[in-house]
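Now for the letters of each chain:
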Amino acid sequence: MATTIAAHQLAEALTQVMPHMAHPASSTPILAGVHFANDGTHLHAVATDRHTLAVARRRLRDCEDEWNTTVGAVHIAYLHAWAEAHPTHSDTVDLAVEPGLLTASSTAGRIAVPTMDGVHAPWRALLAKHLDHHCEPVDVSMLDTQYLARWAQAGRHLQITQASPEAPYILAGADFIGLQMPVRPILQEAPSRVGLAADWATSIGGATGTDVDLPLPADGDAAPAMTEDLLRQVLISAQDLYAVVGGEDPAATAAHASAGAHAWMAHRLLQVLRVIDPRTTELALADINGELEAGDFPELAFDDAETLGHQPQAWVDSYLAARDKRATVSAATV
């Protein structure tokens, strides 16, 4: 029974959870890998070493059956690299599970990896328990910073909540959720805001003021700036279009109409992508900005067109011939 998913989404889900796998030499070898849970709608990738837990889900393109299986750390790295090697976002992967084996196939090839026996972590029950936990006021809680780097792969912006000082931190993003256990004070007094204030009182020196703030750096998210540029282009192109309609330069009319329409399409697609897949959108925008700054995107467009089986040189030649013909006709008319 095949389960179909976009190749890039499989790769992204694995990227998000693999840092949370247990070490193969740990006392719980079943946790030294990634657990897959296919519920017919989403494919969930789950990893934990009991200090942190991460769950990434991706919507399936098609599904004929539900299944669960676990792939060990070494072989999940092979599957991850294979999924990442697919060149476009339109590539899909068919996953098939049989006893002891997970097979992934696509137009690019096929990979089969062994699966592990044993019961993985009860991740659904754990998430339900802590998401439904009654919230208490949290004065101060402690965390172990050695685990913070794991969350960098989950996305640039994550929501964080905690029900009590001893409850796990819950970190969530688009189609991602995770848990990190706090550090529980055992041989020392539990920290408090009052204690922190007293400890730093001499360094602060009695300074007061409510009208001060940090000179925070600019947000590195490229989407808002690109959205603003696209909307500005739509409006400016509209004004230019109004100015040339009915004039003697049909090429200018077409250029302004095309620029405005394409900017609007890009704006609407950007809105949709930020909702569906914000992490991939963020990475793609960084690449796009680099290409725009380098100025080599016409060459990249030419190469992409050839790769897709088009004839970009014929496009250019046809356009130049039509432009030269218009120029000749215009000169003769004058």
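Our subject is the structure listed above.
Residues numbered from 1 in each chain as written. Predicted model: local features only at pLDDT ≥ 70, side-chain atom pairs only at ≥ 80, totals over all residues. Heavy atoms only, no water.

1. What to know about the sheet that holds strand E9 (residues 109-114)
Strand pairing in a sheet is mediated by backbone hydrogen bonds. Such pairs are either parallel or antiparallel. Strand order in the open sheet formed by five strands is E5-E1-E7-E8-E9, and the pairing between neighbours is antiparallel. Where the open sheet ends on each side, the last strands, each with one partner, are strand E5 (62-63) and E9. Bridging between strand E1 (residues 2-6) and strand E7 (residues 92-98) involves five bridges; their strand directions are antiparallel. Of the residues in E7, the one forming a bridge with Ala2 is Ala96. (Pairing = 2+ DSSP bridges. Helix = DSSP H or I, 4+ residues; strand = E, 2+ residues; numbered from the N terminus.)

2. Observations regarding the pairing of E9
The side chains of a regular strand alternate, first on one face of the sheet and then on the other. With six bridges joining them, strand E8 (residues 101-106) and E9 adopt antiparallel strand pairing. When the sheet's bridge partners are listed, Ser105 is paired in E9 with Arg110. Hairpin geometry of E8 and E9 is characterised by an intervening segment of two residues between the two adjacent antiparallel strands.

3. Let's talk about a negative patch on the surface
On the surface, Asp287, Glu291, Asp296, Glu299, Asp303, Asp304 and Glu306 cluster together to form a negatively charged patch. Of all elements in the fold, only helix H8 (278-294) and helix H9 (297-307) reach the threshold of two or more residues within the negative patch. No other element matches H9, which puts four residues into the negative patch. Within the secondary structure, Asp287 is located in helix H8. (Patch = residues over 30% accessible without salt bridge, like charges linked within 9 Å, V, L, I, M, F, W, Y side chains within 5 Å. Areas by Shrake-Rupley, 256 points an atom, 1.4 Å probe, with all protein chains shown as cover. Salt bridge = Lys/Arg side-chain N within 4 Å of Asp/Glu carboxyl O. Lys, Arg positive; Asp, Glu negative; His and termini not counted. Charge placed at Lys NZ, Arg CZ, Asp CG, Glu CD.)

4. Focus on unusual backbone geometry
Positive phi, normally seen in glycine, also occurs at Arg50, with a value near 80°. When you line up the elements, Arg50 lands in the loop between strand E3 (42-48) and strand E4 (52-59). A positive phi angle, close to 55°, is found at Asp175, a residue other than glycine. Here Asp175 lies in the loop between strand E11 (169-173) and strand E12 (176-180). Taking the relative accessible area as the measure of exposure, Asp175 reaches 26% and is therefore partly exposed. (Buried < 20%, exposed > 50% of the residue type's maximum accessible area, 1.4 Å probe, protein only.)

5. As for the pattern of salt bridges
Tallied over the full model, the rule gives two salt bridges. A salt bridge links Arg150 to Asp49; the shortest N-O distance between them is 2.6 Å. Highlighted residues: Arg150 in the loop between helix H3 (123-131) and strand E10 (159-161) and Asp49 in the loop between E3 and E4, separated in sequence by 101 residues. Across this residue pair, the class does not change: Arg150 and Asp49 are buried. A salt bridge links Arg57 to Asp175, with the shortest nitrogen-to-oxygen separation between them at 2.8 Å. Remark: Asp175 occurs in the loop between E11 and E12 and Arg57 occurs in strand E4; sequence separation between them is 118 residues.

6. With respect to the sheet that holds strand E6 (residues 67-72)
Here we have seven strands laid out as an open sheet, ordered E6-E2-E3-E4-E12-E11-E10, and antiparallel in their pairing. Each end of this open sheet is capped by a strand with a single partner; those strands are E6 and E10. Neighbour-to-neighbour, the strand axes of the sheet open up by a mean angle of 15°, direction not taken into account. Strands in contact with helix H1 (residues 7-17) are strand E2 (33-38), E3, E4 and E12; relative to E4, the strand with the most contacts, it is inclined by about 170°. Its contacts with the sheet place helix H2 (residues 73-84) against E2 and E6, and it is angled at close to 105° to E6. (Axes fitted to C-alpha atoms, helices over the stretch in contact; angles between N-to-C directions. Contact = heavy atoms within 4.5 Å.)

7. With respect to the packing of H1 against H2
Contact pair H1 / H2: the axes reach a minimum separation of 8 Å and the direction vectors enclose 140°. Classified by the angle between their axes, H1 and H2 sit oblique to one another. Taken as a pair, H1 and H2 cross one another with a handedness that is left-handed. The residues of H2 that touch H1, namely those facing Ala7, Leu10, Ala11, Leu14 and Thr15, are Ile76, Leu79, His80, Ala83 and Glu84. Here the residues of the contact of H1 with H2 sort into seven nonpolar, two polar and one charged. (Parallel < 35°, antiparallel > 145°, perpendicular 65-115°, else oblique. Left-handed = near helix turned anticlockwise from the far one by under 90°. Nonpolar A, V, L, I, M, F, W, Y, C, P; charged D, E, K, R; others polar.)

8. Comments concerning the pairing of E8
Relative to E8, E7 runs antiparallel, the two sharing five bridges. Paired with Glu98 across the two strands is Leu101, which belongs to E8.

9. Side note on H3
By the burial criterion, the buried members of H3 are Trp123, Leu127 and His130. When H3 is viewed along its axis, its buried side chains cluster within an angular range of 75° and face the same direction. Counted as exposed and oriented over 90 degrees from the buried face of H3: Ala125 and Lys129. On its buried face, H3 is in contact with E2, E3, E4, E11 and E12. (Arc of directions from axis to C-beta.)

10. So, the nonpolar core
If you look at the biggest cluster of nonpolar residues, it comprises 35 residues, and the most contacted ones within it are Leu10, Val34, Phe36, Ile76, Leu79 and Leu95. Sort the elements by how many residues they give to this core and H1 lands first, with six residues. Leu53, Val55, Ile170 and Leu179 belong to the second-largest nonpolar core, a separate cluster that totals ten residues. (Core = buried A, V, L, I, M, F, W, Y, C linked by side-chain atoms within 4.5 Å.)

11. Points about the side chain of Glu12
Mapped onto the elements, Glu12 comes out in helix H1. Notably, Glu12 is buried but unbridged: the nearest opposite-charge side chain belongs to Arg58, and the N-O separation is 4.1 Å. The residues touching Glu12, leaving out its near neighbours within four places in the chain, are Arg58, Asp277, Arg279 and Thr280.

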